[in-house]
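# Descriptive analysis of the structure
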Amino acid sequence: MTAADFAARNHLKRVGARPALPSYLKQAWARRDFVFELARSRIQASNNSNRLGMLWVVIKPTLNALMYGAIFGILQGANRPEDFPVFVVIGVFLFEFFSTSMTQGAKSITGNAALVQSLAFPRISLPVSTVLQNLLQLAPMLAVMFVYCVALGTPPQWSWLLVLPLVGLFALFNTGVALICARLTVHLRDITQILPLVTRVLFYTSGVLFSVEKIFNAYPVMVTVYDFNPLYQVLSIARGCIMQDHPYPAIYWPLFAIWSVVTFVAGIVFFWVAEERYGRGN
Amino acid sequence: MAEVTNFDDVLRREPGPGGEGPAPRHMSGQVPGERRDGGDAPASPERPADSAPAGTGPAAGDSRRPVVVVDDLHVTYKVYSSGKAAGAAEGRKLFTRTRGLREVHAVKGVSFTAYENESIGIIGSNGSGKSTLMRTIVGLTPPASGAVYASSRPNLLGVGAALIPDLSGDKNITLGGLALGYTRKEVEALREEIVTFAELEDFIDLPMKTYSSGMSARLKFAIAASKQHEILIVDEALAVGDARFRQRSEARIREIRENAGTVFLVSHSMKSILDTCSRVIWINKGVLEMDGEPDIVVKAYKESKK
């Protein structure tokens, strides 16, 4: 009789075996309070150490928007999209949600090695908690963003409410990206070094600061390519909903919904496959 | 795995855990009632265990319920070492392709079976693989080969890593409790008890980073020990706090154990091993050196240290 038979006869299960996906998700759902509390506690802890506390959540993107707005406003000259300040504010604020989710999500397993090695829970809790943390921080950012929009001369309209479902899809998308990056970083730590560059490249190429139609006027192919860039889709939809004359193709909604769901599901599966791997020391 | 332990080598092993667990030792005043670990003594562990897997030791007719089976467990780490290792400094090795990448074989083929209500002490010198073995038993470190089977997921006593020093002790109780898998309601129900046990009534609103090391160790222990685990692993946790808290934590561990749990205690304190354990496993350089009666194993271990 082998040990495995002996164990089976006594109803013992192998420890650390990766559960099937449905029960894995069920276990993760059972930990939702922990995920939420961890996200909230991290925000509190990071605020406690700064004098201005929570205010930094809005000050940082505001300063970013000011800086990028000034520099790219001058550089682009006549190619500037209309209503440029609002354009930049929306772009910078929403992109921040993506970039922090990706970079922090990537470190969510490797950066919590002690936690991973001392307590047993579905590891998916950690990247999800990171994205949730960023989502919670996005709420005050969005409020301030709308204040800026009004201050810069954009009247409130009902279509502003559409930003909520958009953020919901965006959160799904970011969770998927965070999960994929979290696992990749576990296999190859060096990825954390390259990610800031990746976010920067995406920042400059996703139409955060410029209007794709104007810049790529001479290259219609590029405009078509941008139709499939999920980040550009988010920003276009958000601008279309918030600003007055920035129409966007209605097809962006289903396209981005597909992007979000596919990324989210792919992220979960990709992350779950390596569940047994996460505790290992290297 | 080149260096698989041959179990025949481990002849010194005592076959089973001490059936007639030593009568209540000098700590007995702390815990009401007798220790019950000897209740299943009649099942003679001496029976030739030909049908049982090597090293796991149980006889087929053993009436005790096994809760953890460790089967030929190997754990290796790949680590990037910088420079040359003190031990492996043969010049030529430096130029091989694997330079800098060292494989540490921390646990080399350990097998044993733990039964319900046992309290097993794990001893061994520093770096002998005790903690790695325990982390593998709870499933936090994946084994290179072999496997651990358990009736329910073993838990490592500790929540330290989940806590955030910038937050108050109170908030950390919530966080630590949820990390252990409690619901919010359960955390609220236990909060009072945790604070009282940690003796932090006056300081629970202060950030944890302002606590002394003893205070935070007490809080961590109190949160972690609030949970009734079926299989619990305590890694040197008894060594926290002052003498009084130590006694109380030992009593608490005994209580956990009496409530139908199985406890593994990793410690360098032979006194706490002898006080709390009904069986001792000695790990030496990743190999199970001896397994059996606390008195005998501890004595042999001390002999080897001389």
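Residues numbered from 1 in each chain as written. Chains lettered and ligands numbered in written order. Predicted model: local features only at pLDDT ≥ 70, side-chain atom pairs only at ≥ 80, totals over all residues.

A count of helical and extended segments in chain B gives 7 helices and 9 strands. Counting over 306 residues, chain B shows a buried share of 46%. Within chain B, contacts between residues separated by at least 24 positions form 70% of all contacts whose residues are at least 6 apart in sequence. (Helix = DSSP H or I, 4+ residues; strand = E, 2+ residues; numbered from the N terminus. Buried ≥ 20, exposed ≤ 12 C-beta atoms within 10 Å, placed from the backbone. Contact = placed C-beta atoms within 7 Å.)

Each partner contributes residues to the interface: chain B has 42 residues there, and chain A has 34 residues. The set of elements that each furnish at least two residues to the side of chain B that touches chain A consists of β1 (66-80), α1 (130-137), β4 (145-150) and α2 (169-179) of chain B. It is β1 of chain B that contributes the most residues to the side of chain B that touches chain A, 6 residues altogether. The residue makeup of the side of chain B that touches chain A, split by class, is 24 nonpolar, 10 polar and 8 charged. In this structure, strand β1 (residues 13-14) of chain A lies alongside β4 of chain B, joined through 2 bridges in antiparallel fashion. (Nonpolar A, V, L, I, M, F, W, Y, C, P; charged D, E, K, R; others polar. Pairing = 2+ DSSP bridges.)

Whether parallel or antiparallel, the strands of a sheet pair through hydrogen bonds between backbone atoms. All names here are of chain B. The 6 strands are arranged β5-β6-β7-β3-β8-β9 in an open sheet whose pairing can be described as mixed. The two strands at the open ends of the sheet, each matched to only one other strand, are β5 (155-156) and β9 (287-292). In the sheet, β5 pairs with strand β6 (residues 231-235) via 2 bridges, with the strands oriented parallel. Across the sheet, the residue bridging to Asn-155 is Leu-232, located in β6. Strands in contact with helix α7 (residues 294-305) are β3 (119-123), β8 (279-284) and β9; relative to β8, the strand with the most contacts, it is inclined by about 25°. (Axes fitted to C-alpha atoms, helices over the stretch in contact; angles between N-to-C directions.)

The next thing to look at is the environment of Asn-117 of chain B. As for its position among the elements, Asn-117 of chain B is in the loop between β2 (101-115) and β3. Along the chain, Asn-117 of chain B and Asp-170 of chain B lie 53 residues apart, while their C-alpha atoms are 33 Å from each other.

This next bit is on unusual backbone geometry. Residues and elements named next belong to chain A. The phi angle at His-11 is positive, at roughly 60°, despite the residue not being glycine. Here His-11 lies in the loop between α1 (3-9) and β1. At Asp-83, a position not held by glycine, the phi torsion is positive, near 55°. With respect to the helices and strands, the residue Asp-83 is situated in the loop between α4 (56-76) and α5 (84-106).

What follows concerns the packing of helix α3 (residues 32-48) of chain A against α2 of chain B. As a packed pair, α3 of chain A and α2 of chain B sit with axes 9 Å apart at the nearest point and diverge in direction by 145°. The two elements α3 of chain A and α2 of chain B meet at a crossing, and its hand is left-handed. From α3 of chain A, Asp-33, Phe-34, Glu-37, Leu-38 and Ser-41 of chain A reach across to α2 of chain B, where they touch Lys-171, Thr-174, Leu-175, Leu-178 and Ala-179 of chain B. Across the contact of α3 of chain A with α2 of chain B, the residue classes break down as 5 nonpolar, 2 polar and 3 charged. (Left-handed = near helix turned anticlockwise from the far one by under 90°.)

This next bit is on the confidence of the model for chain B. All names here are of chain B. Within chain B, residue pLDDT values average 73, and 70% of them lie at 70 or more. Low pLDDT (under 50) marks residues 1-61, which in the prediction has 94 contacts with non-local residues, meaning those over four places away or in another chain. Throughout residues 85-91 the model reports pLDDT below 50, and contacts reaching past four residues in sequence, or to other chains, amount to 3 contacts. For this predicted complex, the interface confidence comes out at an ipTM of 0.82, alongside a pTM of 0.79. (pLDDT = per-residue confidence, 0-100.)

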